Amino acid sequence: MDPMDIVGKSKEDASLPKATMTKIIKEMLPPDVRVARDAQDLLIECCVEFINLVSSESNEVCNREDKRTIAPEHVLKALEVLGFGEYIEDVYAAYEQHKLETMDSLKGGKWSNGAEMTEEEALAEQQRMFAEARARMNCGAAPPKQPEANPNLES
């Protein structure tokens, strides 16, 4: 990534991708509104500062509870402490939506074929893949693929 694509003064400063932030800014405004580059940079710096502020307060809330990991509840409490209580409901709704989308992507991710494997099937598949890898390492070529019988299909 080009260093000019990230807004921030040094590597120690937190930063956000400029192109992504510019896209978000433009999506939030009516199409006939233009934003000067300096104003975009200022908005991005404000976003970075807001994230730093909420992160810092979330960490303090977490520490007061003698926890070592910041949880969503700590972020919500930090928003309240910082005077952003009116946003808590929207933030929580966005968090719930994120959880649903994350669960959906995990269930239907690139490794899933829509059918769950049993532990035995997964172990057999793992062993087959190990055998193929060993064969490639030893001979330089993969053994011929054998058609897999799908127990879920009836003939």
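Refer to the preceding data block for the structure.
A brief structural summary. (Residues numbered from 1 in each chain as written. Predicted model: local features only at pLDDT ≥ 70, side-chain atom pairs only at ≥ 80, totals over all residues. Heavy atoms only, no water.)

### Brief notes about the nonpolar core
The nonpolar side chains of soluble globular proteins are, as a tendency, buried together.
Logical step 1: Within the largest apolar cluster, five residues are counted, these being Leu16, Met21, Ile25, Ile44 and Val48.
Logical step 2: When contributions to this core are tallied by element, the ones reaching two or more residues are α1 (18–28) and α2 (37–64). (Core = buried A, V, L, I, M, F, W, Y, C linked by side-chain atoms within 4.5 Å. Buried < 20%, exposed > 50% of the residue type's maximum accessible area, 1.4 Å probe, protein only. Helix = DSSP H or I, 4+ residues; strand = E, 2+ residues; numbered from the N terminus.)

### A word on the packing of α1 against α2
Logical step 1: Orientation of α1 relative to α2, taken along the N-to-C sense of each, is 105°, at an axis distance of 10 Å. Considering the angle they form, α1 stands roughly perpendicular to α2. Residue-level inspection shows Lys18, Met21, Thr22, Ile25 and Lys26 of α1 in contact with α2, the latter providing Arg37, Gln40, Asp41, Leu43, Ile44 and Cys47.
Logical step 2: Grouping the amino acids of the contact of α1 with α2 by side-chain chemistry returns five nonpolar, two polar and four charged. (Axes fitted to C-alpha atoms, helices over the stretch in contact; angles between N-to-C directions. Parallel < 35°, antiparallel > 145°, perpendicular 65-115°, else oblique. Contact = heavy atoms within 4.5 Å. Nonpolar A, V, L, I, M, F, W, Y, C, P; charged D, E, K, R; others polar.)

### Some details on the state of the cysteines
Logical step 1: Under the criterion given, the structure shown has zero disulfides.
Logical step 2: Cys47 takes part in no disulfide bond, and the closest cysteine sulfur, belonging to Cys46, lies 7.0 Å away. (Disulfide = S-S within 2.5 Å.)

### Describing the packing of aromatic side chains
Aromatic ring pairs are reported here in terms of the distance separating the ring centres and the angle at which the planes meet.
Logical step 1: Throughout the structure, instances matching the rule amount to three aromatic pairs.
Logical step 2: Between Phe50 and Phe84, the ring centres sit 5.2 Å apart and the planes meet at 85°, which makes this aromatic pair edge-to-face. Here Phe50 is found in helix α2, whereas its partner Phe84 is found in the loop between α3 (72–81) and α4 (88–107), with 34 residues between them in sequence.
Logical step 3: Exposure remark for Phe50: the relative accessible area of 37% places this residue in the partly exposed category.
Logical step 4: Taking 6.3 Å as the distance between ring centres and 45° as the angle between the ring planes, the aromatic pair formed by Phe84 and Tyr87 counts as tilted.
Logical step 5: With relative accessibility at 42%, the residue Tyr87 sits in the partly exposed group.
Logical step 6: Taken together, Phe50, Phe84 and Tyr87 form an aromatic cluster joined through their ring pairs. (Phe/Tyr/Trp six-rings, centres within 6.5 Å; stacked < 30°, edge-to-face > 60°.)

### Comments concerning the environment of Cys47
Logical step 1: Position of Cys47 among the secondary structure elements: in helix α2.
Logical step 2: For the pair Cys47 and Ser15, spaced 32 residues apart in the sequence, the C-alpha separation amounts to 9.1 Å.
Logical step 3: Beyond its immediate stretch of four places on either side in the chain, Cys47 contacts Leu16 and Met21.

### Some remarks on the pattern of salt bridges
Logical step 1: Scanning the entire structure with this criterion turns up seven salt bridges.
Logical step 2: Between Glu27 and Lys23 there is a salt bridge, with the nearest N and O atoms lying 3.8 Å from each other. Linking Glu27 with Lys23, this pair stays in helix α1, spanning four residues, or about one helical turn.
Logical step 3: The exposure class assigned to Lys23 is exposed, which follows from its relative accessible area of 54%.
Logical step 4: In this structure, Lys77 and Glu80 form a salt bridge, with 3.7 Å as the shortest nitrogen-oxygen distance. Of the two residues, Lys77 and Glu80 are both situated in helix α3; the distance of three residues between them amounts to about one turn of the helix.
Logical step 5: A relative accessible area of 46% means that Glu80 is categorised as partly exposed. (Salt bridge = Lys/Arg side-chain N within 4 Å of Asp/Glu carboxyl O.)

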